[in-house]
Each structure stands twice: as C-alpha cells, then as structure tokens.
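Architecture and fold: a report
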Amino acid sequence: MAFPITRPRRLRRTETLRRMVRETRLAPDDLIHPLFVCPGRDVAKPVASMPGVAQLSVDRALSEAREIHAAGVPAIVLFGIPDHKDARGTEAWSDSGVVQRAIAEIKQHLPELAVITDVCLCEYTDHGHCGVVSGAEVDNDATLELLALEALSHARAGADLVAPSDMMDGRVGAIRRALDENGYAQIPIMAYAAKFASAFYGPFREAAESTPQFGDRRSYQMDPANGDEAMREIALDLEEGADIVMVKPALPYLDLIQRARTEFNCPLAAYNVSGEYAMVRAAGLNGWIDEDRAVMEILTGIKRAGADLILTYFAKTAARRLRP
Ligand code: PBG
C-alpha cells in the first residue's frame, strides 16, 4: 500500500515513537576500550594525533580502567610500549613487562573488568614489524612460537582473552595449542582475522611507537580490495580455534562486517581504529561536526552492519552517554 495510505513519517513524529521502533540499540556492553601502557609511574604522555588518548603508566592505566569500568564498559584491550626493543621483541613475553604488570594490577583491583591483550610483536621489535625479520621478509613460521610465548605470558599474568593482531598464517592454531598445553584451555582467542593494510593505523603507530623502520605491512596484512579473501581468513581462524573474529578497520569495511555476520555464526568484533578516531576528533575540535552525534552515529552504524563488539577509543565517553 503506497502513499497516502502508507506514511513512514507517522512513526518518526515523537522521540517515544522513534524509540519504540528503533532497530539497532547500542549498549555499553558492546564496547571495548583500548589502552596504551608504558613504563614509569604517574606518566600520562598524550598522543598528538589522538587528542584525549595518552600512553599511561601502570598506575595511571589502573585509574583509567576504573573510569572505563564505572562507565559500564565490560572490557579493555591492552597494548604495551616496552622499555627496550630488540630484533625478536623479547619484552613481549617478559613476565615483568608493562602489559603483564598492568594485567595483574587491573585484575587485582577490578576483577569484573575483562582484560584483553593485543598479541603482536610490532610494539616490541626494533624494526617495528609484527614478526621476526629475515633478510627483507617477515618470517611467518619463526614468528609463531614467539606469539605463542607472548600469549602464554599474558595468560599467566591473568588476561581474560588474548587477541592476536599480527596476521601471520597459523598463529591462532599455534596460540591455541600453547594455551591448551599449559593449562589455559579456558582462555578465549579474539582473532584479528580480516585485518587490512590500512592508512587508518597511522595515529596508533605514533601511540604504540610501532612504525615499521623499513617497508610496510602489505606482505602480511590484507589488500583493502579483497572481500572474498577476508571471508577465507575468517574461516581459517575459526578452524584454528578462534572464539571471536574481527574485521579491522571498521568504516571502510562495513560491507565485510555485514558479510561476516551472514556467513559465520560466531561472535564478531569490529575495530574502529585510531585514524577513524583521529578524523572525528579533528573535525569535532574544529567545530566542523557535532562530535557527540557523529560518534553515536558511527558506532550505531558499525553495530547495524553486524558487529557484536566494537573496539573504540570512544568507548568510555559513548558508554557514559548511553547510561540512563
Ligand atoms: C598491532 C596493531 C595495530 C593496531 C592494532 N594492533 C597496528 C598495525 O597493525 O600497524 C591498529 C589499531 C588502531 O589503529 O587503532 N599490529
């Protein structure tokens, strides 16, 4: 039945009616807040390209985690900036590393807050690549055992979930085996399954001090043009034992979030990455857009596309706005 019988505007007349027929509802439980942990005490070193985000020492990370938890966000994901970088990224699996200490501290004081750790070597290697370098190449298989050591060390420190973001082939299986063989069969893996070689990671690399010193990440991260391959990557990670799979970044890949939602029956995460955050903040701070509304629209759009979980630097502020 067409106009004038049917008038879609009837249900848009009041906020109550709009609320009643709203299809997608963003909730604090959908959100995961990333934190950058650095050495020292009482350190909060602002990240220039991410206004509002700072590298935090363990004590300051705990205070921030408290605020995130109080806002109703159920989880954080930790990235570490180590004291010392080397070719193999050995601090990544040091039981006294910054991330390991942050996990222990946060779990002790905020046991209900889920602590997820990013499992990758790029923050820990002096060359900035996500794996072991041999010649001009990143050696896939030699990297797997190091990632497994890192994931194990996070589990020992008390992490609730581990999240490999390196894009080496076979890493989910290698990490799953290492966890299972060492008494951590109950720790889930959130795999950065379809992670693209993206310009939108730029600000993160400033935050994590992880810019590759030569070349780029295109031999391991995905070509932005490839959707079928993204589905194959997700299928492989699920076969290897991933419990949650992720599409990253979010906004240029909403079609793939939707495709993953329909093709796979599993929890799906999307990463609203640093460059996406930086663009919105820059426009907001300049008064060019209404930032609060833009953030809610973006997060709602990512959820509407099919994501169950959204990693976002806006998690705390968005959750505060969502609370009754
Ligand atoms: C580590 C990693 C990166 C991000 C998450 N984990 C950077 C990269 O791959 O270069 C990006 C997150 C963001 O941009 O917010 N490999």
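Relevant structure appears above.
A brief report on the enclosed structure follows. (Residues numbered from 1 in each chain as written. Predicted model: local features only at pLDDT ≥ 70, side-chain atom pairs only at ≥ 80, totals over all residues. Heavy atoms only, no water.)

Tallying each qualifying case throughout the model produces zero disulfides. No disulfide involves C130; its sulfur sits 3.6 Å from that of C120, the nearest cysteine. (Disulfide = S-S within 2.5 Å.)

Below, the discussion takes up helix α4 (residues 140-157). The end-to-end C-alpha separation of α4 is 26 Å, in line with the 26 Å expected for 18 residues at 1.5 Å each. For α4, the full list of buried residues reads N140, T143, L144, L146, L147, A148, E150, A151, L152, S153, H154 and A155. The secondary structure elements touched by the buried residues of α4 are α3 (98-109), β5 (114-119), β6 (132-134), β7 (137-139), β8 (161-164) and α5 (171-181). A side-chain oxygen of the first residue of α4 lies 3.3 Å from the backbone nitrogen of D141; this N-cap is D139. Just downstream of α4, G158 is the residue with a positive phi angle, here 115 degrees. (Helix = DSSP H or I, 4+ residues; strand = E, 2+ residues; numbered from the N terminus. Expected span 1.5 Å × (residues − 1). Buried < 20%, exposed > 50% of the residue type's maximum accessible area, 1.4 Å probe, protein only. Contact = heavy atoms within 4.5 Å. Polar contact = N/O pair within 3.5 Å; in protein donor to acceptor, adjacent residues only side chain to side chain.)

Position of S210 relative to the elements: it lies in the loop between α6 (202-208) and α7 (228-239). Looking at S210, the relative accessible area reads 1%, which means it is buried. Every residue in contact with S210, bar those within four places of it in the chain, is listed here: C122, E123, G128, F204, R205 and R217.

This paragraph deals with the site of the ligand. In the vicinity of the ligand lie 18 residues, with K195, R205, K248, S274 and Y313 positioned nearest. The contact in question runs from an oxygen atom of the ligand to an N or O atom on the side chain of R217, over 2.9 Å. Contact distances for the ligand include 2.6 Å between an oxygen atom and a side-chain N or O atom of Y313. Protein contacts shield 100% of the accessible area of the ligand, which totals 400 Å² for the unbound molecule. Grouping the constituent residues of the shell around the ligand by class yields ten nonpolar, three polar and five charged. (Near = heavy atom within 4 Å. Areas by Shrake-Rupley, 256 points an atom, 1.4 Å probe, with all protein chains shown as cover. Nonpolar A, V, L, I, M, F, W, Y, C, P; charged D, E, K, R; others polar.)

The values reported here are purely geometric and, on their own, carry no functional implication.
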